[in-house]
Amino acid sequence: MSLLQIESFAAGRWVKPGDGARPIENAVTGAPMAMAGNDALDVEAMLAHARAVGGPALRALTFHDRARMLKALAQALDARKQVLYDLSYATGATLADHKIDVDGGIGTLFVYASKGRREMPDAQVYIDGEVEQLSRRGTFLGRHICTPLQGAAVHINAFNFPVWGMLEKLAPTLLAGMPAIVKPATATCYVTEAAVRIMLEAEILPEGALQLVTGGLGDMLDCLDCQDVVGFTGSAATALKLRSAPHILRNSIRFVAEQDSLNASILGPDAAPGTPEFDLFVKEVHREMTTKAGQKCTAIRRILAPQAHVEAVIDAIGVRLAATVIGDPKAETTRMGALVSGAQKRDVLEKAAILEQEAERVYGDPEAFEVTGADAATGAFLPPMLFHCVDPDGASRIHDTEAFGPVSTVMGYRDLDHAIALVNRGQGSLVTSLITRDGAVARQVALGAGAYHGRIYINNRDSMGESTGHGSPLPHMVHGGPGRAGGGEELGGVRGVMHYMQRTAVQGSPDILTAIGGEWVPGAAEIAGPAHPFTRTYHELAIGETIHTGPRTVTLEDIEHFAAFTGDTFYAHMDDAAARRNPFFPGRVAHGYLLLSFAAGLFVEPNEGPVLANTGLDGLRFLKPVEAGDAIKVRLVVQKKTPRNEAYGEVRWQVTLTNQEGEAVAEYQLLTMNAFARA
Ligand code: NAP
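Residues numbered from 1 in each chain as written. Predicted model: local features only at pLDDT ≥ 70, side-chain atom pairs only at ≥ 80, totals over all residues. Heavy atoms only, no water.

Asker: I'd love a proper account of the packing of helix 2 (residues 63-79) against helix 5 (residues 164-176), names of residues and values included.
Answerer: A packed helix pair is summarised by two numbers, namely the angle formed by the two axes and the spacing between the axes. Following both chains from N to C, one finds helix 2 and helix 5 inclined at 150°, their axes separated by 8 Å at the closest point. Compared by their axis directions, helix 2 and helix 5 come out roughly antiparallel. In this structure, helix 2 meets helix 5 at a crossing whose hand is right-handed. Every residue of helix 5 that contacts helix 2 at Phe 63, Arg 66, Ala 67, Met 69, Leu 70, Leu 73 and Leu 77 is listed here: Leu 167, Ala 171, Leu 174, Leu 175 and Ala 176. (Axes fitted to C-alpha atoms, helices over the stretch in contact; angles between N-to-C directions. Helix = DSSP H or I, 4+ residues; strand = E, 2+ residues; numbered from the N terminus. Parallel < 35°, antiparallel > 145°, perpendicular 65-115°, else oblique. Left-handed = near helix turned anticlockwise from the far one by under 90°. Contact = heavy atoms within 4.5 Å.)

Asker: How would you sum up the site of the ligand? Please name residues and give values.
Answerer: Taken together, 25 residues form the shell around the ligand, and within it Asn 157, Thr 186, Ser 235, Thr 238 and Glu 402 come nearest. Taking Thr 186, its side chain carries an N or O atom lying 2.5 Å from an oxygen atom of the ligand. For the ligand, whose accessible area on its own is 910 Å², the fraction buried by protein is 82%. Sorting the residues of the shell around the ligand by element identifies strand 11 (229-233) and helix 7 (236-243) as the ones contributing at least two each. No other element matches the 3 residues that helix 7 contributes to the shell around the ligand. Residue classes in the shell around the ligand are distributed as 10 nonpolar, 9 polar and 6 charged. Both of domain 1 (4-260 + 496-502) and domain 2 (264-470) provide at least three residues apiece to the shell around the ligand. (Near = heavy atom within 4 Å. Polar contact = N/O pair within 3.5 Å; in protein donor to acceptor, adjacent residues only side chain to side chain. Areas by Shrake-Rupley, 256 points an atom, 1.4 Å probe, with all protein chains shown as cover. Nonpolar A, V, L, I, M, F, W, Y, C, P; charged D, E, K, R; others polar. Domains from an automatic or database assignment.)

Asker: Residue-level account of the packing of aromatic side chains, with values.
Answerer: For any pair of aromatic rings, the description rests on two quantities: the centre-to-centre distance and the angle between the ring planes. Counting across every chain of the model gives 10 aromatic pairs. Look at Phe 161 and Trp 164: their rings are 5.7 Å apart centre to centre, the planes differ by 75°, and that puts the pair in the edge-to-face class. Given the relative accessible area of 7%, Phe 161 is considered buried. An aromatic cluster is present here, built from Phe 534, Phe 603 and Trp 653 joined pairwise through their rings. (Phe/Tyr/Trp six-rings, centres within 6.5 Å; stacked < 30°, edge-to-face > 60°. Buried < 20%, exposed > 50% of the residue type's maximum accessible area, 1.4 Å probe, protein only.)

Asker: Requested: an account of the domain arrangement of the protein, with residues and values cited.
Answerer: Assigned domains of the protein: these are domain 1 (4-260 + 496-502), domain 2 (264-470) and domain 3 (526-675). Of the residues lining the interface, 5 residues belong to domain 1; the matching set on domain 3 comes to 4 residues. In total, domain 1 and domain 3 occlude about 370 Å² of area from one another, counting both sides; carbon and sulfur atoms represent 44% of this. When the area that domain 1 buries against domain 3 is broken down by residue, the three leading residues are His 64, Arg 117 and Asp 122, summing to 70%. Where domain 1 meets domain 3, there are 0 salt bridges. On inspection of domain 1 and its partner domain 3, the count reaches 1 residue pair in polar contact (both at pLDDT 80 or more). For the side of domain 1 that touches domain 3, the per-class residue count stands at 1 nonpolar, 1 polar and 3 charged. (Buried area = accessible area lost by both parts, 1.4 Å probe. Salt bridge = Lys/Arg side-chain N within 4 Å of Asp/Glu carboxyl O.)

Asker: Describe the environment of Ile 326, with residues and values.
Answerer: For Ile 326, the position within the fold is in the loop between helix 10 (310-322) and helix 11 (342-356). For the pair Ile 326 and Asn 582, spaced 256 residues apart in the sequence, the C-alpha separation amounts to 74 Å. Ignoring sequence-local partners within four residues, the contact set of Ile 326 consists of Thr 334, Met 336, Gly 337, Phe 369, Glu 370, Val 371, Thr 372, Phe 381, Leu 382, Pro 383 and Pro 384.

And the structure:
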């Protein structure tokens, strides 16, 4: 059978493997199946293409345009995901494994598409935080903005998730407005290549936004500059080599690393055998050992149980492992497929031998295990292997050896402080889980171990029905961890987008900051519109468009009427002497909510029009008491606009209530939904 020729996509054209191409084996049969790589790939031309063509095209779009692009990419991949499933079997993965990789990746694109629309502006500048007042009269202010880096994002990915690994980096990169050059691990790059073809054939992305290198990266990393980013996922050894290259260090090139990690799971002291928590713990550990044949960066490598329950834990995990069918990943009955390659299998066996110096193997014999529907002699199969270390304090290799396969070590702890000390000996991990129903236990672990772990996953009978599993990095939450785990922080919603943007402090007058951020800043010019703003459509309204209402005097009758009508007879509104005894009030004062209601009555335009609904208010502050006899006025300014769908968008209005002295008595931001067109 002829070998598949896995191509790269460079500067707008597909490039076949050439000199320097590497063979790729089928994980299940061990037979060569594909070739990838070409030493003649023009990496400088690829970078130039990304910087000169892809970057400007992406930066011309708004965050919302890019978010729509991500959604369309997700839909294109979803429609053709069977192609990716079919190819993925050769990586040794089962259908359940493909779903984590393929569907998980597509889901990540969808989440970023939605977060881009909901949490980012329909603009090219992302505003980070509030305006800072830098001068007494407010004519000189500061704020932070984020703009896309103007280079290329080079993504170097690990072999275990050829689709998710690409998409979890691609989503925040494209949303930021940066072009990407994706380099998957060679062992599984044929799946990534197929996914890239699907995305390119859908013709959603601008030219130059996405390129692909299959095989070696050549000297691309030596051609990067300060506007480029390297996003790396893989082993700590490769990360160290790449991130410490003199060119990377000399030019302060941003290097985001997600690397290996000695993740752990703790059985809480309360989760004794017989409790739902104990069963949950065993189920999660088993799943983490066998999913993707243990080739998951988040897999549980160290299992911590109270000393008294160690034996029960080993027995219960052993029962589940014994029922795990290993074999042909295509067979429906198979629960665990093959490792990715013979080389990976050898590596895992070498690491297992290191663990065996400090721990006894209590389950799984690599020399004697059953493989169903495939040849154990040629395929990269291994049984799950469970070790037990009786002296985890005296041991060291169990805390620093990552056997990237179905391998895990059980150890006992004396008390919770001991468990925390052991769990932290991993020197920084992606995730630690804790199975407990005791809030005090959870708090102690979160405080004692938090600094060493990117994520702490706590589960018990109350949350297990809906929990996502120890091993699932979710696009909403940061994925990464300190120390050995690489020090990276990917995903986490908009936080992940920031890896591909530069935060800049801009300082200037309110008008200047309004012009840059596209959001009205207090003190900036007010624009008098041609009509009441509530009669104007979303698109007609200008940022800074303002109305000032006439005054309304608040009377004692108003206060009493409001108190009787609402039932809010708080003493400060009813009893002058009591109000005077309160340090905040000069005497009886109007209800804050009365003022809000009067404000609405002052600024509203009653007729049916483009304002569809009042959806809430933010940042409400009552600044000064209002007494009977005071007259309030309102200023309403269009502060910010955000489209929500094809028919309407949200308008954020800055509202300020002042008294007859011109003093601000209340302020807030009013949110309304405004139609794009008149009915
Ligand atoms: P790896 O051997 O370190 O390779 C990672 C990537 O680096 C691959 O794309 C590899 O390409 C590339 N690479 C290696 N040497 C390079 C060089 N000199 N220049 C440019 N690129 C180079 O890791 P792996 O075996 O693929 O993945 C397994 C490891 O990844 C495990 O340790 C696992 O814990 C970790 N991992 C971490 C995460 C996370 O999110 N933290 C996720 C998944 C996996 P080639 O394949 O072409 O050599």
